[in-house]
Structures are given as structure tokens and as C-alpha cells.
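Fold and contact review
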Amino acid sequence: MDYTTIVNAVFHYGSILMAVMAVLVFATNIIVKMVKKLFPKVPTNFVAVIVAQIITDLSAVILCTIMEITVMWYYAVGAVVLGLFVGYAAMFGFDKFKAAWEKLKALKK
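One structure accompanies this document, and this report is about it. None of these values were measured; they are calculated from a predicted model.

Moving on: the packing of aromatic side chains. This model, assessed by the stated rule, comprises three aromatic pairs. Ring centres 5.6 Å apart and planes at 85 degrees place the aromatic pair Trp73 and Tyr74 in the edge-to-face group. By the ring-pair criterion, three or more aromatic residues cluster together here, those being Trp73, Tyr74 and Tyr75.

Here it is, written out as C-alpha cells:
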């Protein structure tokens, strides 16, 4: 196997992972917005991490079920780590994006 095949595979799977992560962050943001209205006293960052972890773990289990993949211990660890990344992105990514969008709107005026 040559290096170009390995590099192509890394970029291919990396782009799929980034797309999946973006969808998970979007879903987490929507669910957190709804849950915040139901439980206003619970800290938003805590809710974001819990929701992201649940969504990511469920997505990993559903993916393994659909593709008929045997779940190994490192898949579970990977799902937990990805859930933490999704939670972090959901907590800080949306707020930064919203602030940048508002600055862009202010520049147009």
C-alpha cells in the first residue's frame, strides 16, 4: 500500500467525521434550546454536554446496528470522546458564530 492511498483514506474518513460532527452539533443545539425552556435553572453548558453525549452514543449504536458491525470497546471510547468534542463545539461554537454574524451585520450597515 502506498502513501497516497493512506492519505486519501485519511482525508475521506476525516471529511465524513467532520460532517457527522457538524450534524451532531446542530442537533445538540436544537435540543438544548428546547430543554432550556423546560428546565431554566439547569446550567446550559451542563445540558449541552449531556445532550451531546446521549446523541453521539445513540448515533454510534445505531450506526453499528445498521451496518451490522460488532461493537468493540474502542468504539464506545471513541463515541464518548466524540461526544465531548460535540458538547464543546455546541457550547462555544454557536455563541462565537452568533457573535461573528452580528458583527458582520453591523459592518453592512
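Helix length check: helix H2 (residues 44-66) (23 residues) gives 32 Å between terminal C-alpha atoms against 33 Å at 1.5 Å per residue, within 8%. Of the positions making up H2, those classed as buried are Val47, Ala48, Val51, Ala52, Gln53, Ile55, Thr56 and Cys64. At the C-terminal side of H2, Glu68 shows a positive phi close to 55 degrees.

Position of Thr28 among the secondary structure elements: in helix H1 (residues 3-38). Taking the relative accessible area as the measure of exposure, Thr28 reaches 0% and is therefore buried.

This part takes up the nonpolar core. The nonpolar side chains of a soluble globular protein tend to be buried with one another. Counting 13 residues, the largest nonpolar core has Met21, Leu24, Val25, Val32, Val51, Leu82 and Val86 as its most contacted members. Taken together, the elements giving at least two residues each to this core come down to H1, H2 and helix H3 (73-108). Considering each element in turn, this core owes the most residues, five residues, to H2. Each residue touching Leu82, except ones within four places of it in the same chain, is listed here: Leu17, Met21, Leu24 and Thr56.

How each quantity is defined
Residues numbered from 1 in each chain as written. Predicted model: local features only at pLDDT ≥ 70, side-chain atom pairs only at ≥ 80, totals over all residues. Heavy atoms only, no water. Phe/Tyr/Trp six-rings, centres within 6.5 Å; stacked < 30°, edge-to-face > 60°. Helix = DSSP H or I, 4+ residues; strand = E, 2+ residues; numbered from the N terminus. Expected span 1.5 Å × (residues − 1). Buried < 20%, exposed > 50% of the residue type's maximum accessible area, 1.4 Å probe, protein only. Core = buried A, V, L, I, M, F, W, Y, C linked by side-chain atoms within 4.5 Å. Contact = heavy atoms within 4.5 Å.

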